[in-house]
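Structural description and commentary
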Amino acid sequence: MPFASAVRLVEVGPRDGLQNEPEPISTQTKLELIDRLGATGLGYIEAASFVSPKWVPQMADHREVMWNLARLDGVTYAALTPNLKGLESALECGAQEVAVFGAASEAFSQKNINCSVAESLERFAPILERAWQANVRVRGYVSCVLGCPYEGEIAPARVAEVAKALHEMGCYEISLGDTIGTGTPLKAKRMVEAVAREVPLAQLAAHFHDTYGQALTNLYAVLEEGIAVIDSSVAGLGGCPYAKGASGNVASEDVVYLLDGLGIETGVDLEALATTGRWICEQMRRPNRSRVGVALIGAAGEV
Ligand code: HMG
Ligand code: MG
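Report follows, based on the coordinates. These numbers come from a predicted model, not from an experiment.

**As for the packing of aromatic side chains**
Inspection of every chain in the model, using the stated rule, returns one aromatic pair. With 5.4 Å between their ring centres and 70 degrees between their planes, Phe3 and Tyr220 make a pair best called edge-to-face. Taken together, the positions of Phe3 in the segment before strand S1 (8–11) and Tyr220 in helix H9 (residues 215–224) put the pair 217 residues apart, joining distant regions of the chain. Overall, Phe3 belongs to the partly exposed group, its relative accessible area being 28%. The positively charged end of Arg137 is found above the aromatic ring belonging to Tyr172, 3.7 Å away from the centroid. The residue whose ring lies beneath Arg139 is Tyr141, and the NZ or CZ to ring-centre distance is 5.5 Å.

**Some remarks on the site of ligand 1**
Taken together, 27 residues lie around ligand 1, and Gln19, Phe50, Lys54, Asn114 and Thr179 are the ones closest in. At 3.0 Å, a side-chain N or O of Arg15 approaches an oxygen atom of ligand 1. Here an oxygen atom of ligand 1 sits 2.5 Å away from a polar atom, N or O, in the side chain of Thr179. Considering ligand 1 on its own, with 1100 Å² of exposed area, one finds that the protein chains cover 76% of that surface. Where the shell around ligand 1 is concerned, the elements lending two or more residues are helix H1 (13–17), helix H4 (84–92), helix H5 (106–113) and strand S5 (137–143).

**Details of the environment of Ala246**
Within the secondary structure layout, Ala246 lies in the loop between strand S8 (229–232) and helix H10 (252–261). Each C-alpha atom of the pair Ala246 and Gly267 lies 29 Å from the other, and the pair is 21 residues apart in sequence. In this structure Ala246 touches Thr179, Ile180, Thr211, Gly238, Gly239 and Cys240, once residues within four positions along its chain are discounted.

**Observations regarding the packing of helix H2 (residues 27–39) against helix H11 (residues 270–284)**
Close contact between H2 and H11 brings their axes to 10 Å; oriented N to C, the two are set at 170 degrees. Overall, the two elements H2 and H11 adopt an arrangement that is roughly antiparallel. Note on element contacts: H11 touches H2 through Leu273, Thr276, Trp279, Ile280 and Gln283, opposite Thr29, Glu32, Leu33, Arg36 and Leu37. Across the contact of H2 with H11, the residue classes break down as five nonpolar, three polar and two charged.

**Thoughts on the coordination of the magnesium ion (ligand 2)**
Every protein donor of the magnesium ion (ligand 2) is accounted for by Asp16 (OD), His207 (NE2) and His209 (NE2), and the metal-donor separations fall at 2.0 to 2.3 Å. All donors of the magnesium ion (ligand 2) belong to a single chain; written as a sequence motif, their spacing is D-x190-H-x1-H. Here Asp16, found in helix H1, pairs with His207, found in strand S7 (residues 204–208); they are 191 residues apart in sequence, far enough to count as distant.

**Examining the nonpolar core**
Within the largest apolar cluster, 102 residues are counted, with the highest numbers of intra-cluster contacts made by Leu9, Val142, Val159, Leu166, Ile174, Leu176 and Val195. Filtering out sequence-adjacent residues up to four positions away, Leu176 remains in contact with Val142, Val145, Val159, Met191, Val192, Val195, Leu204, Ala205, Ala206, His207 and Phe208.

**Considering the side chain of Ser143**
Within the secondary structure, Ser143 is located in strand S5. In contact with Ser143, not counting residues within four places along its chain, are Gly102, Ala103, Ala104, Phe108, Gly177 and Thr179.

**Here's the deal with the pattern of salt bridges**
Two side chains carrying opposite charge are able to pair once their charged atoms lie near each other. Summed over the entire model, instances satisfying the criterion amount to 20 salt bridges. With its nearest N and O atoms 3.1 Å apart, the salt bridge here joins Arg36 to Glu32. With Arg36 and Glu32 both in helix H2, this residue pair falls four residues apart, about one helical turn. Linked by salt bridges that have partners in common, Arg8, Arg139, Glu173 and Asp231 make up one network.

**Notes on the environment of Ser49**
Following the sequence through the fold, Ser49 ends up in strand S2 (residues 44–49). C-alpha separation for the pair Ser49 and Arg63, spaced 14 residues apart in sequence, amounts to 9.1 Å. Apart from the residues lying within four places of it in its own chain, the contact partners of Ser49 are Arg15, Met59, His62 and Leu80.

**Focus: H5**
Restricting attention to buried positions, one finds in H5 the residues Phe108, Ser109, Asn112 and Ile113. Along H5, the residues classed as buried sweep out an arc of 100 degrees about the axis, all on the same side. Of the surrounding elements, those touching the buried residues of H5 are strand S4 (97–103), helix H6 (117–133) and S5. Of the residues one or two after H5, Asn114 is the one with positive phi, at around 65 degrees.

Definitions and limits used
- Residue indices follow the written sequence of each chain, beginning from 1 at its first position.
- Numbering of ligands from 1 and lettering of chains from A proceed in the order in which they are written.
- Side-chain atom pairs in this predicted model are given and counted only at pLDDT of 80 or more, local residue features only at pLDDT of at least 70, and totals for whole chains, interfaces and linings cover all residues.
- Excluding hydrogens and water, the side-chain figures rest on all heavy atoms present in the structure.
- Pairing of aromatic side chains here covers Phe, Tyr and the six-membered ring of Trp, requires ring centres within 6.5 Å, and sorts the geometry by plane angle: under 30 degrees stacked, over 60 edge-to-face, intermediate tilted.
- Under the DSSP-based scheme used, a helix requires at least four consecutive residues in state H or I and a strand at least two consecutive residues in state E, with every element numbered from the N terminus.
- Exposure categories follow from relative accessible area, calculated using a 1.4 Å probe and restricted to protein chains: below 20% of the type maximum is buried, above 50% is exposed, and the middle band is partly exposed.
- Both a distance and an angle decide whether a charge sits over a ring: NZ of Lys or CZ of Arg must be within 6 Å of the ring centre and within 35 degrees of the ring normal.
- Whether a residue is near a molecule or strand depends on its heavy atoms: if one lies within 4 Å, it is near.
- In protein, a polar contact requires one atom able to donate a hydrogen and another able to accept it; more generally it is a pair of N or O atoms within 3.5 Å, and residues adjacent in sequence count only if both atoms are side-chain atoms.
- Throughout, the Shrake-Rupley method with a 1.4 Å probe supplies accessible areas, and for residues the shown protein chains are the sole cover considered.
- In this description, contact between two residues means that some pair of their heavy atoms is separated by no more than 4.5 Å.
- In this description, a line fitted to the C-alpha atoms serves as the axis of each element, helices being fitted only across the stretch in contact, and the angle between N-to-C directions of two axes falls anywhere from 0 to 180 degrees.
- When an angle is under 35 degrees it counts as roughly parallel; over 145 it counts as roughly antiparallel; between 65 and 115 it counts as roughly perpendicular; any other value is oblique.
- Think of it as three bins: nonpolar holds Ala, Val, Leu, Ile, Met, Phe, Trp, Tyr, Cys and Pro, charged holds Asp, Glu, Lys and Arg, and polar takes everything else, Gly as well.
- Think of the donor list as every N, O and S atom within 2.8 Å of the metal, or within 3.2 Å for Na, K and Ca; water never makes the list, so a site can look incomplete.
- To qualify as a nonpolar core, a set must consist of buried Ala, Val, Leu, Ile, Met, Phe, Trp, Tyr and Cys residues joined through side-chain atoms within 4.5 Å.
- One side-chain nitrogen of Lys or Arg within 4 Å of one carboxyl oxygen of Asp or Glu is enough to make a salt bridge.
- What the arc measures is the spread of directions leading from the helix axis to the C-beta atoms.

Written out as structure tokens, the structure reads:
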């Protein structure tokens, strides 16, 4: 299949990127990060996660972040909502879109959201219903699509089954998460093919982590399958608190560089994005995981 002519990027840095950071990051820094990201041309930013602060302390200021966003025209500010409590709170704070997050692995579901996959789907149904009443679209995540830290291999058919359930429930897009980054290109292709038999390809997104350095290669493979929505995180920030060993998401700068090179439009200013990546690494005093960012504007932020 030919590549899509344009790819929509979903920036998950402020949420997936920061959620696992052990040191507290100030609300002000989060707000400035989101502001800077919006100014690069990104049209969709996952800004916060309305989860339990006991489970993910770094996201405890989700209300302050969502309330105080300097909202730019043309940018959608979204939030993760694991249950109705999170949804109500996100709606009060002006989230424009929300996401529910399930898994293709039973063990991961238990560790991450404290319920089975079937129970999670039951929990999501009223979220979809309530969001629909509020005129807010819901995205659905499936985690562990190319491997699980507890169960190992995950069958593509299982991923397809969970994706189908989320789609039938009303999620407008299903993001396929290689949570621990163990995927390789052919497996990624087979998985997308299996899911695309149940959910239209145009409603699928790739959410790849780079733990094993495979994320860009895997993205190229699924772009060949026709995927046209990619989740990424500035400076390759990230990791999942309930997926031991999971490192960052694929870096947004690296994805934009790849897509620019393929002649695929993103609407994102690469230099501004790389500058933002360097800035957040300086703030957090951590290395920049974007190879492109470092090559373009130096490794400031490296410690
Ligand atoms: P639980 O303990 O079963 O829930 O957790 P509960 O209903 O018994 O509540 C426990 C406490 O949490 C209560 O407080 C609730 O009020 C509070 P207490 O009475 O003990 O003081 N609580 C909340 N507080 C704020 N906001 C809420 C909320 N809900 C309950 N929404 C729960 C179940 C789902 C809440 C918990 O497991 C949780 O928050 N999990 C989140 C885990 C998480 O955020 N993981 C990372 C995101 S997923 C990911 O990164 C993967 C992804 O990127 C894709 C990929 O890479 O594959 C999306
Ligand atoms: Mg993730």
